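Tertiary structure, described
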Amino acid sequence: MIQKIIKLLPILIGSSVLLAQNYQGKISDIKENGLHQIVLSPDVIAATRNNTDFIRIFDSKHNEAPYIVASGNFKKSAFRQFPISSRNTIPNVVTSVIISNENKVNLDNLTLKIANTEIDKKYSISGSNDQKEWFGLVGNQVISDLNESGKTSVEKNLSFPLNNYKFLKFDFLDKNSLPINVLEAGLEYDNIVSDAKTILQNFEQKITTDKNSKQSIITITFPTEQVINGISFDILSPSFYQRDARILINKSRVYKRETENYREEFIAFQIRSKNNNQFGFPDLFTKELIIEIDNQDNSPLDIKKINLFQSQKKILADLKVGETYTLDINPELSAPQYDLVNSGINLSQNYPDATITDLKNTDHSVHPESGKAFWQTSFFVWGCIIIAIIIIGFFALGLIKDMNKKAE
């Protein structure tokens, strides 16, 4: 009995320590005030053990920065630049900026990047194919609010009737003020990326063939547990094939006070020469998985590469430019309650990116939120209590069994 308990102790202690691991990282690339989207890397998701409730963001004064978990499609903004072919100014009269559209793209708007100014401007827009004869598109319009806090320039979208002139001319009237500085012109559009995925790296792969069961067995092992949401196979040969396959995961259970290890089927699929052989599935949080492929009487598949995928997860956080932020991961925490969640934020809107860097394990240092070392935290104390209860329970069961034998 005592030997069994001694064998079990490292497993229990190791499990409690693993669950209690704390991490801290820095948040960088904050370019403006407001909401930023932060894509959680596989390392960050692994550190949270796939639970974003453990995340907190603190500024330099240790105030929490609210965040919400965003899911679904990712919206990415793209900018196609159109060259400024000429810029001419007649003092106190007009500044003309000519944009080149050599490929005669159909346009009904352009975004101008303009240096910050407090000046409002009247403008008109015309089009031409030879820069000699110009045709009116927009006249006597006003552009204003050309100053954005925290930036040196502002982007303004100007609309006009659909056309495909090779040249577009923007005339800004300078009668009552100095010229404005147009820096760039382009077409901004959104690209929706559905179910964006990250290719997982740093895993070991071992392929063996079991001739008795006529199976190829592929064992994939990561250094630490990872969230996996998909797999793909790059098959070199044969040219035609159709094989049943499945993913297995290692499990353990206690049966008659003995720990029993076994493999459980997680998902099954079919690899076919006519398919792209990419398969998605719900979150699988594991360090090791086993793939079985039934070969029947065929030669094993010549597999060039196996890719494993993780569905991207992101959070939206309200951040300020010039501020220093740290991201903490603490498994003692529960889900935060922020007003941001119910504030009507458009999650499909494109927000600037921020990134998490320098993620480190902080178990052996003082945690900034609690001011305590790990062994001083309630999580550690409760872990010890639970382990003690389990040990006492094993002793009690052993004593009851011995008493029953003596009674017989």
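How each quantity is defined
- Residues numbered from 1 in each chain as written.
- Predicted model: local features only at pLDDT ≥ 70, side-chain atom pairs only at ≥ 80, totals over all residues.
- Heavy atoms only, no water.
- Pairing = 2+ DSSP bridges.
- Helix = DSSP H or I, 4+ residues; strand = E, 2+ residues; numbered from the N terminus.
- Axes fitted to C-alpha atoms, helices over the stretch in contact; angles between N-to-C directions.
- Phe/Tyr/Trp six-rings, centres within 6.5 Å; stacked < 30°, edge-to-face > 60°.
- Buried < 20%, exposed > 50% of the residue type's maximum accessible area, 1.4 Å probe, protein only.
- Lys NZ or Arg CZ within 6 Å of the ring centre and 35° of its normal.
- Polar contact = N/O pair within 3.5 Å; in protein donor to acceptor, adjacent residues only side chain to side chain.
- Contact = heavy atoms within 4.5 Å.
- Core = buried A, V, L, I, M, F, W, Y, C linked by side-chain atoms within 4.5 Å.
- pLDDT = per-residue confidence, 0-100.
- Salt bridge = Lys/Arg side-chain N within 4 Å of Asp/Glu carboxyl O.

Considering the sheet that holds strand β10 (residues 135-143)
Taken in spatial order, the five strands line up as β6-β7-β12-β9-β10 in an open sheet, and their pairing is antiparallel. Since the sheet does not close on itself, it has two edges, and those belong to β6 (84-90) and β10, each with one partner. Averaged over neighbouring strand pairs, the angle between their axes works out to 15° when direction is ignored. Examined bridge by bridge, β6 and strand β7 (residues 94-100) share six bridges and lie antiparallel to one another. Considered in β7, the bridge of I90 is made with V94.

Here's the deal with the packing of aromatic side chains
All told, the structure shown has eight aromatic pairs when counted by the stated rule. Relative to F172, the ring of Y123 lies with its centre 6.2 Å away and its plane at 45°, an arrangement referred to as tilted. Here Y123, found in strand β9 (residues 121-128), pairs with F172, found in strand β12 (residues 167-173); they are 49 residues apart in sequence, far enough to count as distant. Using a relative accessible area of 8% as the deciding quantity, one classes Y123 as buried. Between F135 and Y165, the ring centres sit 6.0 Å apart and the planes meet at 10°, which makes this aromatic pair stacked. With F135 in strand β10 and Y165 in the loop between β11 (153-163) and β12, this pair connects stretches of sequence that are 30 residues apart. Taking relative accessible area as the criterion, F135 reaches 36% and is therefore assigned partly exposed. Taken together, the ring pairs in this structure connect F233, F269 and F279 into an aromatic cluster. For K169, the ring lying beneath its charged end belongs to W134, and the centroid distance is 4.5 Å.

Regarding unusual backbone geometry
The omega torsion across S237 and P238 is 0°, close enough to zero to call that bond cis. By the element assignment, P238 lies in the loop between β16 (215-237) and β17 (242-255). In this structure, K104 is a non-glycine residue whose phi angle is positive, near 55°. Following the sequence through the fold, K104 ends up in the loop between β7 and β8 (107-115). Positive phi outside glycine occurs at Q131, with the angle close to 60°. Assignment of secondary structure puts Q131 in the loop between β9 and β10. Judged by relative accessible area, Q131 falls into the partly exposed class, the value being 35%.

What about the side chain of Q310?
Tracing the chain through its elements places Q310 in strand β20 (residues 302-311). Engagement of the side chain of Q310 in a polar contact is seen with the backbone oxygen of V227, the distance being 2.8 Å. The contact partners of Q310, leaving out residues within four places of it in the chain, are L40, S41, P42, I45, A196, K197, T198, L200, Q226, V227 and N229.

Notes on the nonpolar core
I27, I38, I57, L319, L327 and I329 are the most contacted members of the largest nonpolar core, which totals 29 residues. Of all the elements in the fold, those that place two or more residues in this core are β1 (23-28), β2 (34-40), α2 (42-47), β3 (55-58), β4 (67-70), β21 (313-319), β22 (325-329) and β23 (353-361). The biggest single contributor to this core is β21, with four residues.

So, the confidence of the model for the protein chain
For residues with low pLDDT, the predicted coordinates do not support detailed interpretation. Confidence in the prediction for the protein chain averages 85 pLDDT; 82% of positions are at 70 or higher. In this model residues 1-19 is a low-confidence stretch, pLDDT under 50, and it forms 22 contacts with partners more than four residues away in sequence or in other chains. A low-confidence stretch, residues 365-374 stays under pLDDT 50, and its non-local contacts, those more than four residues away or across chains, total 22 contacts.

Here's the deal with the pattern of salt bridges
Counted according to the given criterion, the structure contains 13 salt bridges. For R56, the salt bridge goes to E64, with nearest N and O atoms at 3.8 Å. Since its relative accessible area comes to 39%, E64 is described here as partly exposed. For K151, the salt bridge is made with E148, and the minimal N-O distance between the two is 3.7 Å. The class of K151 is partly exposed, set by a relative accessible area of 33%. One continuous salt-bridge network, built from bridges that share partners, spans R246, E265, E292 and D294.

Focus on the pairing of β12
Looking along a regular strand, one sees side chains alternate from face to face of the sheet. The buried fraction of β12 is high, at six of seven residues. The pairing of β7 with β12 spans seven bridges and is classified as antiparallel. Within β12, the residue paired with I99 across the bridge is L168.

Regarding the sheet that holds β3
The strands that make up a sheet are held in pairs by hydrogen bonds between backbone atoms, and each pair lies either parallel or antiparallel. Spatially, β3-β22-β1-β23-β2-β21-β4 is the arrangement adopted by the seven strands of the open sheet, whose pairing is mixed. For this open sheet the edge positions go to β3 and β4, each flanked by a neighbour on one side alone. The mean angle between the axes of side-by-side strands here comes to 30°, regardless of whether they run parallel or antiparallel. Inspection of the sheet shows β3 paired to β22 by four bridges, in the antiparallel sense.

Details of the side chain of S126
Checked against the element boundaries, S126 lands in strand β9. When its relative accessible area of 10% is taken as the criterion, S126 is described as buried. Other than its neighbours up to four places away in sequence, S126 contacts W134, F135, G136, L137, F167, L168 and K169.

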